[in-house]
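Here is what each chain is made of, one letter per residue.
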Amino acid sequence: MIRFDNVSKRYENGHEALRQLNLTIAEGEMCFLTGHSGAGKSTLLKLIMRMEKASQGQVFINGQNLSRMGSGQVPYLRRNIGVVFQNHQLLFDRSVFDNVALPLMIEGTDPSDIGRRVRAALDKVGLLKKEKLNPIMLSGGEQQRVGIARAVVNKPPILLADEPTGNLDPQLSSEIMNLFEQFNEVGVTVLIASHDLSLIARMGHRVLTLSEGQLVTDGGML
Ligand SMILES: Nc1ncnc2c1ncn2[C@@H]1O[C@H](COP(=O)(O)OP(=O)(O)OP(=O)(O)O)[C@@H](O)[C@H]1O
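Here the structure is a predicted model, which means the values were calculated and not measured.

Let us look at the site of the ligand. If you check the shell around the ligand, you find 13 residues, and the closest are Ser37, Gly38, Lys41, Ser42 and Thr43. Residue Tyr11 places a side-chain N or O atom 3.5 Å away from a nitrogen atom belonging to the ligand. Here Lys41 contributes a side-chain N or O atom positioned 2.8 Å from an oxygen atom of the ligand. Here the ligand, which alone exposes 640 Å², has 65% of that area covered by the protein. The element best represented in the shell around the ligand is helix α1 (residues 41–49), accounting for three residues.

A word on the packing of aromatic side chains. A full pass over the atoms with the stated rule returns zero aromatic pairs. Lying over the aromatic face of Phe60, Arg3 brings its terminal NZ or CZ to 4.4 Å of the ring centre.

If you trace the backbone, Arg94 turns up in the loop between β6 (81–85) and α3 (96–107). On the basis of relative accessibility, which here comes to 35%, the residue Arg94 falls in the partly exposed class. Expressed as a C-alpha distance, the spacing of Arg94 and Leu133, which sit 39 residues apart in the sequence, is 8.5 Å. What Arg94 contacts, discounting residues up to four positions off in sequence, is Asn99, Leu102, Asn134 and Pro135.

Here we take up the sheet that holds strand β3 (residues 30–35). Pairing is mixed across the open sheet formed by six strands, whose spatial order is β6-β7-β8-β3-β9-β10. The open sheet has two edge strands, β6 and β10 (214–219), and neither has a second partner. Adjacent strand axes in the sheet meet at a mean angle of 15° when their direction is disregarded. Both β3 and strand β9 (residues 206–211) contribute to a ladder of five bridges, which runs parallel. Bridge pairing in β9 links Leu33 to Leu208. α1 rests against β3, β6, β7 (158–162), β8 (189–193) and β9 of the sheet, and its axis sits at about 150° to β7. Those strands touched by helix α5 (residues 140–152) are β6 and β7, and its axis lies near 165° from that of β6.

About the cut-offs
Residues numbered from 1 in each chain as written. Predicted model: local features only at pLDDT ≥ 70, side-chain atom pairs only at ≥ 80, totals over all residues. Heavy atoms only, no water. Near = heavy atom within 4 Å. Polar contact = N/O pair within 3.5 Å; in protein donor to acceptor, adjacent residues only side chain to side chain. Areas by Shrake-Rupley, 256 points an atom, 1.4 Å probe, with all protein chains shown as cover. Helix = DSSP H or I, 4+ residues; strand = E, 2+ residues; numbered from the N terminus. Phe/Tyr/Trp six-rings, centres within 6.5 Å; stacked < 30°, edge-to-face > 60°. Lys NZ or Arg CZ within 6 Å of the ring centre and 35° of its normal. Buried < 20%, exposed > 50% of the residue type's maximum accessible area, 1.4 Å probe, protein only. Contact = heavy atoms within 4.5 Å. Pairing = 2+ DSSP bridges. Axes fitted to C-alpha atoms, helices over the stretch in contact; angles between N-to-C directions.

Note that all results are geometric; they support no functional claim without further evidence.
Shown next, in the form of structure tokens:
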């Protein structure tokens, strides 16, 4: 489902953020990506979304070679990938419902389907009763759940998260990780970048560790 073949990424300023990376993440797998600040975690996620392009090597998503993908195809790629960020990136001038509906509006989903699908996503993250509120009125953990509902509302087969628990206390962090696990249990491929080694160790999934842009461990738990 996700394959990196000898991938290097050099930014325009010459910095080499990823070096000769080889990895495969199978359909339906759940993995954590860890490593020091600047190790290349966000860069790896950006390559999967085609927010950045590999300088060398190939990235394949569902067998599609992203280096050969024209920019017109990128929006179709992104429909397969839900993304959750640390700082939620919610719109505070719209309701919770409207925030979660956004990807469906962009995709041009039939308006009669939007309500049902948004409520299904809000139900999964336990926020059905808060759809009319402005996200500013929610706690940090709830805001992160809105971000997760928005990422999964169009049922993407791949879910990426970049430090999704960075601002949360340990209890809320565990709850958010359990939510990711629930999506994984119904077949979603999940890749989470996180610094939180103790939480990652407790979860017991495959861990990929980057150091200076290289994959230094892959596999077993921490
Ligand atoms: N657009 C860019 N232009 C130049 N250098 C960049 C760019 N984006 C990231 N980098 C550099 O590439 C390296 C890897 O950055 P990246 O954000 O992938 O690391 P990270 O592991 O996600 O770090 P953190 O945990 O701090 O978020 C860093 O040295 C960073 O400064």
